[in-house]
Amino acid sequence: QTCALPIFKISDENILKAQKALSASTGIFAEPAAATAYAGFLQASSRAIFQPDDQIVVLITGTGLKDIPAAQQGMDSIDPVAAQMSAIEDYLGGK
C-alpha cells in the first residue's frame, strides 16, 4: 500500500530545540524521544500542512527526567545563586 502522508527526517539538533521550546512554552519536560513528535509537528507546521481549523494532538509520552544529560545539551548554562533572597533579587535584577 502507499501512503499519502508526508514523512519527515528530524535531526538530533531539531529534537533538542523542540524539547527546549516545548518546555519553555508549555512547561512540559519531555525526553528527546518524546520531543521528536513535537519536532515533527513544528516541521509540518512550517510547511503549512495543517489547515487553520485542524485539531492537532501531539503525544508526549516520556519525561525529560529519563535523560537529563541530553536535555542539558540544549540548555543555556545555569549560574549558581546563593540561597538567600537578596542574592536571588540581585541575580534577577541583572537579567
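1. Some details on the overall build of the chain
Part 1 of the reasoning: Regarding its fold elements, the chain presents four helices and zero strands.
Part 2 of the reasoning: When the helices and strands of the chain are listed from N to C terminus, the series reads α-α-α-α.
Part 3 of the reasoning: For 95 residues, the compact-globule formula gives about 12 Å, and the C-alpha radius of gyration of the chain, at 18 Å, lies well above that figure.
Part 4 of the reasoning: Here the C-alpha coordinates of the chain stretch approximately 65 × 30 × 20 Å along the principal axes.
Part 5 of the reasoning: Counting all 95 residues of the chain, 20% fall into the buried class.
Part 6 of the reasoning: Here the contacts in the chain between residues at least 6 apart in sequence split such that 56% fall between residues at least 24 apart.
Part 7 of the reasoning: As presented, the chain carries roughly 7300 Å² of accessible surface, and 56% of it is formed by carbon and sulfur atoms.

2. Overview of the side chain of Glu 31
Part 1 of the reasoning: As for its position among the elements, Glu 31 is in the loop between α1 (12-26) and α2 (32-46).
Part 2 of the reasoning: When near neighbours in sequence (up to four residues on either side) are disregarded, Glu 31 contacts Gln 19, Gly 62, Thr 63, Gly 64 and Lys 66.

3. Describing α1
Part 1 of the reasoning: For α1, built from 15 residues, the straight-helix expectation of 21 Å at 1.5 Å per residue is met to within 8% by its first-to-last C-alpha distance of 21 Å.
Part 2 of the reasoning: Those residues of α1 that fall on the buried side of the exposure criterion are Ile 15, Leu 16, Ala 18, Gln 19 and Leu 22. Projection of α1 onto a plane perpendicular to its axis shows the buried side chains occupying an angular sector of 160°, all on one side. Exposed positions of α1 whose direction lies more than 90 degrees from the buried face are Glu 13, Lys 17, Ala 24 and Ser 25.

4. Things to note about the environment of Ile 68
Part 1 of the reasoning: Locating Ile 68 in the fold gives a position in helix α3 (residues 68-73).
Part 2 of the reasoning: Through-space distance from the C-alpha of Ile 68 to that of Tyr 91 is 25 Å; in sequence the pair is 23 residues apart.

5. Quick look at the pattern of salt bridges
Part 1 of the reasoning: Under the defined criterion, the tally for this structure stands at one salt bridge.
Part 2 of the reasoning: One salt bridge connects Lys 17 with Glu 13, and the closest N-O pair in it is separated by 3.2 Å. Residue Lys 17 and its partner Glu 13 are located together in helix α1, separated by four residues, close to a single helical turn. Here Lys 17 matches Glu 13 in class, with each residue exposed.

The rules behind each value
Residues numbered from 1 in each chain as written. Predicted model: local features only at pLDDT ≥ 70, side-chain atom pairs only at ≥ 80, totals over all residues. Heavy atoms only, no water. Helix = DSSP H or I, 4+ residues; strand = E, 2+ residues; numbered from the N terminus. Rg over C-alpha atoms; globule rule 2.2 N^0.38 Å. Buried < 20%, exposed > 50% of the residue type's maximum accessible area, 1.4 Å probe, protein only. Contact = heavy atoms within 4.5 Å. Areas by Shrake-Rupley, 256 points an atom, 1.4 Å probe, with all protein chains shown as cover. Expected span 1.5 Å × (residues − 1). Arc of directions from axis to C-beta. Salt bridge = Lys/Arg side-chain N within 4 Å of Asp/Glu carboxyl O.

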